[in-house]
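Breakdown of the fold
For reference, the chains in residue letters:
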Amino acid sequence: MSLNKYQGLKELYPDIVSYNMPDGGVKLAAGWLIEQCGWKGKVIGQAGVWKNQALVLINVQSASGTEIFELSSKIINDVDQKFNVKLEREVNIF
């Protein structure tokens, strides 16, 4: 993320967690963004977000891969709507 965009977010959200990058940009803590959107500990159907770490999606009982994917999509959309930041999935999906 550009330093300019980060500074705008920092004004709106002074507690935002970030890391300076060697190229002069800024990396935001995705877990913090997800938690601020209310997802930490939330369960929808059989899939959820772990109560101890917002980056971890959990299979509560017998969630399908589709349910996990749909949950991740909802999280990505919420973060984008609130912060104008597009999260990228870190797992491979086949």
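You'll find the structure just up there.
What this report covers is the structure whose coordinates are included nearby. Every chain begins its residue count from 1, and numbering advances along the sequence as written. Owing to the predicted nature of the model, reporting of local features is limited to residues with pLDDT of at least 70; listing and counting of side-chain atom pairs is limited to 80 or more, with chain, interface and lining totals taken over all residues. Hydrogens and water are ignored here; the side-chain numbers use all heavy atoms of the structure.

1. Some remarks on the overall build of the protein
Within the protein one finds three helices and five strands. Ordering the α and β elements of the protein from the N terminus gives α-β-β-α-β-β-β-α. Using a 1.4 Å probe on the protein chains alone, a residue whose accessible area is under 20% of its type maximum counts as buried, one over 50% counts as exposed, and one in between counts as partly exposed. Relative to its full complement of 94 residues, the protein shows a buried share of 28%. Contacts were defined at the residue level, with two residues in contact if any of their heavy atoms lie within 4.5 Å. Partitioning the intrachain contacts of the protein with sequence separation of at least 6 by distance along the chain shows that 30% fall at a separation of at least 24. Each accessible area is a Shrake-Rupley result for a 1.4 Å probe, and residues are judged covered by the shown protein chains and nothing else. For the protein, the computed accessible surface area is about 6400 Å², with 49% contributed by carbon and sulfur atoms. For the purpose of counting charges, residues Lys and Arg are taken to be positive, whereas Asp and Glu are taken to be negative. His and the chain ends are not included. A single reference atom marks each charge: NZ on Lys, CZ on Arg, CG on Asp, CD on Glu. Distance between charge centres in the protein, computed from 10 positive and 10 negative side chains, equals 4 Å. The helix and strand labels rest on DSSP assignments: H or I over at least four residues marks a helix, E over at least two residues marks a strand, and numbering proceeds from the N terminus.

2. Looking at the nonpolar core
Formed by 22 residues in total, the largest nonpolar core has its most connected members in Leu-28, Leu-33, Val-79 and Phe-83. Among the secondary structure elements, those contributing two or more residues to this core are α1 (3-12), β2 (26-28), α2 (30-36), β4 (47-49) and α3 (65-83). For this core, the element with the highest residue contribution is α3, accounting for five residues. Residues contacting Leu-33, with those up to four places away along its chain left out, are Ile-16, Leu-28, Val-79, Phe-83, Val-85 and Leu-87. We call a set of buried residues a nonpolar core when its members are Ala, Val, Leu, Ile, Met, Phe, Trp, Tyr or Cys and they connect through side-chain atoms within 4.5 Å of each other.

3. Section: the environment of Trp-32
Locating Trp-32 in the fold gives a position in helix α2. Residue classification places Trp-32 among the buried positions, given a relative accessible area of 15%. As for Trp-32 and Ile-16, which are separated by 16 residues in sequence, their C-alpha atoms are 7.2 Å apart. What Trp-32 contacts, discounting residues up to four positions off in sequence, is Tyr-13, Asp-15, Ile-16, Val-17 and Phe-83.

4. Details of a nonpolar patch on the surface
Patches draw on residues past 30% relative accessible area with no salt bridge. Two like charges within 9 Å are joined, as are two nonpolar side chains (Val, Leu, Ile, Met, Phe, Trp, Tyr) within 5 Å. By salt bridge we mean one thing: a side-chain nitrogen of Lys or Arg within 4 Å of a carboxyl oxygen of Asp or Glu. Residues Trp-50, Leu-55 and Val-56 make up a contiguous nonpolar surface patch of roughly 260 Å² in combined accessible area. Topologically, Leu-55 is positioned in the loop between β4 and β5 (57-59).

5. Looking at the sheet that holds strand β3 (residues 43-44)
Being paired, for any two strands, means DSSP has found at least two bridges between them. With antiparallel pairing, three strands are arranged side by side in an open sheet as β3-β4-β5. Each edge of the sheet is formed by a strand with only one pairing partner; in this case those strands are β3 and β5. One ladder, built from two bridges, connects β3 with β4; its direction is antiparallel. Its bridge partner lying in β4, Val-43 is registered against Gly-48.

6. Remarks on the side chain of Ser-72
By secondary structure assignment, the location of Ser-72 is in helix α3. You can call Ser-72 buried: its relative accessible area is 10%. Polar contact criterion, stated in full: a pair of N or O atoms within 3.5 Å, where within protein one must be able to donate a hydrogen and the other to accept it, and residues adjacent in sequence count only if both atoms are side-chain atoms. Separated by 2.7 Å, the side chain of Ser-72 and the backbone oxygen of Phe-69 make a polar contact. Side chain to side chain, Ser-72 and Arg-89 meet in a polar contact 2.9 Å long. Apart from the residues lying within four places of it in its own chain, the contact partners of Ser-72 are Leu-57 and Arg-89.

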